[in-house]
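# A closer look at the structure
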Amino acid sequence: MMEKHVVRSLRHGDYHVTMQPRDSARSRAHAIRQYGKHTKTCAQKNDIEALAGGQPTAWDPEGLLGDVTGDTNHLAKTKRAFAEVPTVAPEERGFGAQVEAAFLDVFAGVNASPRVLDSFQRLCRGEEYVHLWPGKGVQRAGSFMEGLTAEPFHDIGEKGYEWLKDVENHADVIRKEFQAAMKDPGSMLVVGNRVWAKAARDEAVSYGPNWRTLVLQDRGVWDESNIKLFPKTHKLLLDIQGMDGLDIILLVDSTNYYHIFLSAAPTLEVFFARQDGKTGIKSHTDNANFIQTTHLGIDVPEGECWIKVGEHTREWMNGKIIICDTSFMHETENASENDRYVLIMRHWHPEVTAIEKIANEFLFAALDNGTDTGLVAAQKHALRKIKGLRSASSSAASNGGGGGFGGGSLKKKPGQKKRRK
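The structure presented is a predicted model; accordingly, all values stated were derived computationally and were not measured.

### Describing the overall build of the chain
From N to C terminus, the chain includes 12 helices and 19 strands. Going through the 421 residues of the chain one by one, you find that 54% of them count as buried. Long-range contacts, defined here as pairs at least 24 residues apart, represent 77% of the contacts in the chain between residues at least 6 apart. Accessible surface, the chain: about 18900 Å² in total, of which carbon and sulfur atoms supply 51%.

Following this line, the structure appears as structure tokens:
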């Protein structure tokens, strides 16, 4: 059995950052499997207050962030700051070194994905990203890609969230199907898999014992049992995602290589979440900045429950979408007597490129499997995805996309069906 001796990842942004090393081989061995996962790190109120005041905290042991209270020009004035991080020798990194070597075999040349590689390499060194954004809040991520827009909340009208407009437009379909399923809880338990499961042990501290989920999709894989309970919801998301969630847009970068950006952000996780009345979720981070979180209100006691992300708060509404970056510290509250139900979709940040998605998916598959056989299978799958991507780009070029060196988008011809894998 191979040793899995790595840690959590992170890459700095453009401004003021503290990278913090993990303190034990045991935590490193556990954390490698958490790359990009929906994991939780809790915050204490005094840590947040101390960070804002420039005092040393568990996030910023040297007080490197400084006192930014009331300083609106903080980002322009600060420089990068790093905690001391011990180098982990290649021979000590075990499986992590094998994954990195396999990554470089696939993602090189025009397929290079340096932001993802940087993220994983920082994982191997046990570094974490922590940043106080004045007026926005604290962003904290164990899996971090450099250069992505960081905002606590996003509006559905922004570029890259067009697919979520379709979800919101069909909210009644999802809500009615959910209500019908809830009328027959016995059948849900018989047909479904882990129906209303408790939070995982490492999440329970922040979520509490009464937060429950019903998972439809995890790591991009649909739960065959649970989608039988919600076939309309499942079909709706598949139809909206279409060609693996993609309409193709070709853009040119400074090196004259083309990147394919996606005008839709396909889901990686989809699940219904229940929060009991008179309960809340403590401040925590989901630990990855390249995966965002969207909530659709399903059965919400409006006016009595809210989510706070960073320094901003929004209330849930039935049939309405809330898009947030849960790499910011966030918390929730349900002050009503009734349970609150939302559909949660975790999806790619719209600024993650197509090749970066494939690169991250390679890491997910390799780390989740944890064997030599799984690593080879992850490589083969990634190469097939890249081949399909290049084929799609050639098709886009022949249909007016500019051969990868010009703008434009590939539009479906009248009557043309969406392709599905």
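### A closer look at the pairing of strand 18 (residues 330-334)
Remember that side chains alternate between the two faces of the sheet whenever the strand is regular. Only one face of strand 18 is buried: it carries His 330, Thr 332 and Asn 334, and the other face, with Glu 331 and Glu 333, is open. Here 4 bridges tie strand 12 (residues 279-285) to strand 18, and the two strands are oriented antiparallel to one another. Paired with Ile 281 across the strands is Thr 332, a residue of strand 18. Sheet analysis places strand 15 (residues 305-309) next to strand 18, joined by 5 bridges and oriented antiparallel. Directly across from Cys 305, in strand 18, lies its bridge partner Asn 334.

### Describing the confidence of the model for the chain
Overall, the predicted model of the chain reaches an average pLDDT of 76, with 64% of residues at or above 70. For the stretch residues 56-92, pLDDT sits under 50, and the model shows 87 contacts to residues farther than four places along the chain or on other chains. Of the regions scoring below 50 in pLDDT, residues 401-421 engages in 41 contacts with residues more than four places distant in sequence or in other chains.

### What about helix 11 (residues 354-369)?
Helix length check: helix 11, at 16 residues, gives a terminal C-alpha distance of 23 Å against a target of 22 Å (1.5 Å per residue), a fit within 8%. Here helix 11 lies mainly inside the structure; 12 of its 16 residues are buried. For helix 11, the full list of buried residues reads Ala 354, Ile 355, Glu 356, Lys 357, Ile 358, Ala 359, Asn 360, Phe 362, Leu 363, Phe 364, Ala 366 and Leu 367. Just downstream of helix 11, Gly 370 is the residue with a positive phi angle, here 75°.

### Focus: unusual backbone geometry
Even without being glycine, Arg 194 reaches a positive phi, approximately 50°. The class of Arg 194 is exposed, set by a relative accessible area of 59%. Residue Trp 196 is not a glycine yet carries a positive backbone phi of 55°. As for its placement among the helices and strands, Trp 196 is situated in the loop between helix 8 (185-191) and strand 6 (197-198). Under the relative-accessibility criterion, Trp 196 is labelled buried at 12%.

### Here's the deal with the packing of aromatic side chains
In total, this model carries 13 aromatic pairs according to the counting rule given. Note on Trp 348 and Phe 364: the rings are 6.1 Å apart at their centroids and 5° apart in plane angle, and the pair reads as stacked. Of this pair, Trp 348 sits in strand 19 (residues 340-348) while Phe 364 sits in helix 11; the two residues are 16 residues apart in sequence, bridging distant segments of the chain. In textbook terms, an aromatic cluster arises when at least three aromatic residues are bridged by ring pairs, as seen for Phe 178, Trp 196, Phe 230, Phe 272 and Tyr 341. The ring of Trp 196 carries the charged tip of Arg 274 above its face, separated from the ring centre by 5.8 Å. Across the ring face of Trp 316, the terminal group of Arg 340 is positioned such that the distance to the ring centre comes to 4.5 Å.

### Here we look at the environment of Leu 214
For Leu 214, the location among the structural elements is in strand 7 (residues 212-218). Expressed as a C-alpha distance, the spacing of Leu 214 and Arg 274, which sit 60 residues apart in the sequence, is 8.6 Å. Excluding its chain neighbours within four sequence positions, the residues that come into contact with Leu 214 are Met 188, Val 195, Trp 196, Asn 226, Phe 230, Phe 271 and Phe 272.

### Description of the nonpolar core
The biggest cluster of nonpolar side chains holds 34 residues, and the ones touching the most others in it are Tyr 35, Val 99, Phe 103, Phe 107, Phe 290, Phe 362 and Leu 363. At the level of secondary structure, the elements contributing two or more residues to this core comprise helix 4 (95-106), helix 5 (114-125), helix 11 and helix 12 (372-401). It is helix 11 that contributes the most residues to this core, 9 residues altogether. Ignoring sequence-local partners within four residues, the contact set of Phe 107 consists of Ala 112, Ser 113, Ile 355, Ile 358, Ala 359, Phe 362, Ala 382 and Ile 386. Counting 29 residues, the second largest nonpolar core, distinct from the first, contains Val 167, Phe 230, Leu 236 and Met 345.

### Re the pattern of salt bridges
One pass over the structure, following the stated rule, counts 13 salt bridges. The salt bridge partner of Arg 140 is Glu 128, with a shortest N-O separation of 3.1 Å. With Arg 140 in strand 4 (residues 137-143) and Glu 128 in the loop between helix 5 and strand 3 (129-133), the pair connects residues that are 12 residues apart, well separated along the chain. Here Asp 368 makes a salt bridge to Arg 219, at a shortest N to O gap of 3.2 Å. Of this pair, Asp 368 sits in helix 11 while Arg 219 sits in the loop between strand 7 and strand 8 (221-222), and the two are 149 residues apart along the sequence. Using a relative accessible area of 30% as the deciding quantity, one classes Asp 368 as partly exposed. Because the salt bridges share partners, they merge into one network encompassing Arg 122, Arg 125 and Glu 127.

Scoring rules and cut-offs
Residues numbered from 1 in each chain as written. Predicted model: local features only at pLDDT ≥ 70, side-chain atom pairs only at ≥ 80, totals over all residues. Heavy atoms only, no water. Helix = DSSP H or I, 4+ residues; strand = E, 2+ residues; numbered from the N terminus. Buried < 20%, exposed > 50% of the residue type's maximum accessible area, 1.4 Å probe, protein only. Contact = heavy atoms within 4.5 Å. Areas by Shrake-Rupley, 256 points an atom, 1.4 Å probe, with all protein chains shown as cover. Pairing = 2+ DSSP bridges. pLDDT = per-residue confidence, 0-100. Expected span 1.5 Å × (residues − 1). Phe/Tyr/Trp six-rings, centres within 6.5 Å; stacked < 30°, edge-to-face > 60°. Lys NZ or Arg CZ within 6 Å of the ring centre and 35° of its normal. Core = buried A, V, L, I, M, F, W, Y, C linked by side-chain atoms within 4.5 Å. Salt bridge = Lys/Arg side-chain N within 4 Å of Asp/Glu carboxyl O.

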